[in-house]
Amino acid sequence: MFNFLNTPISLPPSLQMLGDTPLKSALLTVVVWVVAASLLYLVVFILAGRLARRTATEVDDVLLRASRLPVLLIALLLGLRDAVDLFRMQAGSVVALEGWLDVGVIVVVAYWVWRVFRDIVLYYGEEYVERTESSLDDILLPATQQFAPLVIVGIALAMILDRLGFDPAGILVAIGGLTFIAALAFQDSLSNIFSGLSMLVDTPFRYGDLILLDDDLYVIQRIGLRVTELYNADRHLIVLMPNSKMANERLTNITRPTAALMIPVTLRTTFDADPRVVIETLQAVANGHPNVLGHTMTKVEAMTACAERLIAAGQLEEAACLVRETARMVVEGGVNSQLEALTEHLDRLAATIESMESGGLDADERQRIQAALDEVARHIHSVKQTITLWLLLLRHVNADVAEEVGPTLDEMQAFTDRYQSECEALLQAGQVTLLGEMPIRRKETVTEARAMDSLVRRRGLLPFDNGFPDLDEHADFVDIVKTWNKRLARLDGLYHALARAFKDGEERRLDDMARSLRDYVYTGLKETTPEWKYPQVNLTSFEAGLTFTLEAFVDDVRREHYERHERVETELRRDIVAQLRDKDVQFSSLPRLTLPGT
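What counts and how
Residues numbered from 1 in each chain as written. Predicted model: local features only at pLDDT ≥ 70, side-chain atom pairs only at ≥ 80, totals over all residues. Heavy atoms only, no water. Helix = DSSP H or I, 4+ residues; strand = E, 2+ residues; numbered from the N terminus. Buried < 20%, exposed > 50% of the residue type's maximum accessible area, 1.4 Å probe, protein only. Contact = heavy atoms within 4.5 Å. Areas by Shrake-Rupley, 256 points an atom, 1.4 Å probe, with all protein chains shown as cover. Phe/Tyr/Trp six-rings, centres within 6.5 Å; stacked < 30°, edge-to-face > 60°. Pairing = 2+ DSSP bridges. Axes fitted to C-alpha atoms, helices over the stretch in contact; angles between N-to-C directions. Parallel < 35°, antiparallel > 145°, perpendicular 65-115°, else oblique. Nonpolar A, V, L, I, M, F, W, Y, C, P; charged D, E, K, R; others polar. Salt bridge = Lys/Arg side-chain N within 4 Å of Asp/Glu carboxyl O. Left-handed = near helix turned anticlockwise from the far one by under 90°. Patch = residues over 30% accessible without salt bridge, like charges linked within 9 Å, V, L, I, M, F, W, Y side chains within 5 Å. Lys, Arg positive; Asp, Glu negative; His and termini not counted. Charge placed at Lys NZ, Arg CZ, Asp CG, Glu CD. 1 Å grid on protein atoms, 1.4 Å probe; cavity = no way out; pocket = protein on both sides within 12 Å on 5 of 7 lines; lining within 4 Å. Points joined across faces, edges and corners; volume = space filled by probe spheres on them. Core = buried A, V, L, I, M, F, W, Y, C linked by side-chain atoms within 4.5 Å.

Draft legend 1. Molecular detail of the overall build of the protein chain. Broken down by element type, the protein chain carries 17 helices and 10 strands. Counting the 598 residues in the protein chain, one finds 42% classified as buried. Within the protein chain, residue pairs in contact and separated by at least 24 positions form 69% of the contacts whose partners lie at least 6 positions apart. When the accessible area of the protein chain is evaluated, it comes to approximately 32,500 Å², of which 58% is carbon and sulfur surface.

Rendered as structure tokens:
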């Protein structure tokens, strides 16, 4: 006789001698389990492993790799338990030994569950988070990562205590007492933990957001159970702040709703300065800067005039860069116009569907809606092409020019026009992968790497530039490409969901889905700069002179290693001083500050 899965199995009469004593039965049980484990290993981990390596997904390979050792250990422990059951020891000793073997099985199963959860759920969950723009999964995944081990260990510990015969009521009383003592001893740590939980549930920011704290600029790196990890962008330091302090601080999130930061520039002139001249000069300087938000055509005119002044002053490199920025600005204006047209088309589509759906859609109505959906698809394809062209022109701004450009404005514009024409030809020929059509994965295949290279590196653009001057600018541009690819992929996904719903006959949801797509185009994809973000100049004081304040919004302050706003502010001050001096505007010195007691 031998035991298998706690089931006694009798041997044929001819093999009775193999298990006629308790010791022989126990040894035979162990041998049977070893044979069964060997067969399981051969079938599952060798033969099935070879098949798993041929599949496109890695989940089956990871599952087999994570299960190999735990399954063998569980088989060994179960075999020993069955052997002990047959070995006629004293009842108390047998029960105790069986209990500890069961504890071993529970521990191994808990370890197995954690390995599978970590290597599959969390790993591919991070990949899913990278593909989405929702902040909810950015919060839930780290929270799950922190609490999952506690839950698994807690369940395993409860099962172990139950198997060892401990009284649940006594355990609960002991846990309650220990919890009260721990709450007194670790009240600061618990305060941090609960503050961290509150920030995860009702978060005022998400990972990667920029916040102002004590006049310093910080990047949210991680929200832990006890501390929040911050990156100080001004001093380039990692700061670990207790969650209880973080929850009570006055935070300014400058990433939401957009990553544009308003910088005030204040100056004081003498009383004889013409306020109109000063205001027009400040607005012209702000509009002439490529990284200050404003009306597209107004900025194009101001940037062209600024390039002419730079050429006259002999600053040819800065002028050529500004000409390239102007071309990018024109294309960005085209993107905004296309998005406005797409938004209006989706508005009309939603209204049309709502008027038709009440009585059900007939064949003619379905044909009209299908034509409207096809038009949406053409709009989206055009948007993806124009945004890809815009990214290529942004690349042209930051890359090193490969050849000497002429010293006149016309020659500079001609060089940039040739580059733009080449980019448009590459897009038409399909030699550049459109944004929104590049796969979003953590590990790139060769094909996907080539798709990225068609935008980032020099393929097809060798006559114009030598690539990025340093690794920081290269990494910054790659990050921009990935961000826009993710946004346009979401746009594509929302459209395909709408088209699928129409094809499947879900007529009652079509107008809502069209409006959801419209809302994403209007607010989630790219914000069209509102008028209140245009440069504004205010005359704020008459004390000791005329005091003017320029309020200008700097676009995406996350770029340039979070130092863009400082560079832009410095350049604005420099250009304001130069132009006002050219116009004979005199500056007034600021009044001396008098400290109390002096």
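That shown, we press on.
Draft legend 2. Local environment of the packing of aromatic side chains. Applying the stated criterion to the full structure yields 4 aromatic pairs. Their ring planes at 75 degrees and their centres at 5.6 Å tell us that Trp390 and Trp484 sit as a pair that is edge-to-face. With Trp390 in helix α11 (residues 363-398) and Trp484 in helix α14 (residues 471-503), this residue pair connects regions lying 94 residues apart in the sequence. Like Trp484, Trp390 is buried.

Draft legend 3. Region of the structure containing the pairing of strand β9 (residues 536-541). Of the pairings in the sheet, the one linking β9 to strand β10 (residues 546-554) comprises 5 bridges and is antiparallel in character. Across the sheet, Asn538 pairs through a bridge with Thr549, a residue of β10. Between the end of β9 and the start of β10, which pair antiparallel, lie 4 residues, with Ala544 showing a positive phi angle near 60 degrees.

Draft legend 4. Local environment of the packing of α11 against α14. Interaxial distance between α11 and α14 falls to 11 Å at its minimum, and their mutual angle equals 180 degrees. Judged by the inter-axis angle, α11 sits roughly antiparallel to α14. Class assignment of the residues belonging to the contact of α11 with α14 gives a composition of 20 nonpolar, 2 polar and 7 charged.

Draft legend 5. Here's a closer look at the pattern of salt bridges. One pass over the full model with this rule turns up 20 salt bridges. Note that Glu560 and Arg567 form a salt bridge whose closest N and O atoms lie 2.7 Å from each other. Salt bridges sharing common partners tie together Asp476, Asp479, Asp556, Arg558 and Arg559.

Draft legend 6. Seen up close, the packing of helix α10 (residues 316-356) against α11. Interaxial distance between α10 and α11 falls to 9 Å at its minimum, and their mutual angle equals 165 degrees. In terms of their interaxial angle, α10 and α11 are classed as roughly antiparallel. Where α10 crosses over α11, the two elements pack in a sense that is left-handed. A per-class count over the contact of α10 with α11 returns 23 nonpolar, 8 polar and 7 charged.

Draft legend 7. View of the sheet that holds β9. Spatially, 3 strands are ordered β8-β10-β9 in an open sheet, and the strand pairing comes out antiparallel. On the outer flanks of this sheet lie β8 (261-269) and β9, each paired with one strand and no other. Each adjacent strand pair in this sheet contributes to an overall mean axis angle of 25 degrees, direction not counted. Relative to the sheet, helix α8 (residues 275-287) contacts β8, β9 and β10, its axis offset from that of β10 by approximately 20 degrees. Taken strand by strand, helix α17 (residues 564-582) contacts β8 and β10, and its axis lies near 25 degrees from that of β8.

Draft legend 8. A negative patch on the surface, seen in detail. A cluster of acidic residues, Glu317, Glu318, Asp400, Asp470, Asp472 and Glu473, forms a negative patch on the protein surface. Among the secondary structure elements, those contributing two or more residues to the negative patch are α10 and α14. Note that Asp470 resides in the loop between α13 (446-456) and α14.

Draft legend 9. Seen up close, empty space enclosed by the protein. Per the stated rule, a full pass over the model turns up 1 cavity of 30 Å³ or more. In this structure, the largest cavity spans a volume of roughly 40 Å³. Considering the residues around the largest cavity, the lining is formed by Ala284, Val285, Gly288, Cys306, Arg309, Asp575 and Gln579. For the lining of the largest cavity, the class distribution of residues is 3 nonpolar, 2 polar and 2 charged.

Draft legend 10. Structural detail: unusual backbone geometry. Positive phi, normally seen in glycine, also occurs at His561, with a value near 60 degrees. Relative to the helices and strands, His561 is located in helix α16 (residues 559-562). Given the relative accessible area of 44%, His561 is considered partly exposed. Even without glycine at this site, Asp584 takes up a positive phi of about 60 degrees. By the element assignment, Asp584 lies in the segment after α17.

Draft legend 11. Region of the structure containing the pairing of β10. Among the 9 residues that make up β10, 8 are buried, leaving the element largely enclosed by the rest of the structure. Where β8 and β10 come together, 9 bridges link them in antiparallel fashion. By the bridge assignment, Met262 is partnered in β10 with Phe553.

Draft legend 12. Molecular detail of the nonpolar core. Ranked by size, the top nonpolar core spans 51 residues in total, and within it Leu349, Ile387 and Leu391 carry the most contacts. For this core, the secondary-structure elements that each account for two or more residues are α10, α11, α12 (409-428), α14 and α15 (510-525). Top element by residues in this core is α11. It accounts for 13 residues. The contact partners of Leu391, leaving out residues within four places of it in the chain, are Leu435, Phe477, Ile480, Val481 and Trp484. In terms of nonpolar packing, the next biggest core, distinct from the first, is built from 29 residues, Ile254, Ala286, Val292 and Leu546 among them.

Draft legend 13. View of the side chain of Glu365. With respect to the element layout, Glu365 can be found in helix α11. One buried charged residue, Glu365, remains without a salt bridge, the closest side chain of opposite sign being Arg368 at 5.8 Å. Each residue touching Glu365, except ones within four places of it in the same chain, is listed here: Met356 and Gly360.

Draft legend 14. Seen up close, the environment of Gln315. As for its placement among the helices and strands, Gln315 is situated in the loop between α9 (296-312) and α10. Take Gln315: its relative accessible area is 35%, and that puts it in the partly exposed class. The spatial distance from the C-alpha of Gln315 to the C-alpha of Pro407 is 9.6 Å, given a sequence separation of 92 residues.

Draft legend 15. Local environment of the sheet that holds strand β4 (residues 216-223). Reading across the sheet, the 5 strands line up as β6-β5-β4-β3-β7 and stay open at both edges, with antiparallel pairing between neighbours. The sheet is open, and its two edges are formed by β6 (237-242) and β7 (252-253), each paired on a single side. With 4 bridges connecting them, strand β3 (residues 210-213) and β4 associate as antiparallel partners. Within β4, the residue paired with Leu213 across the bridge is Asp216.

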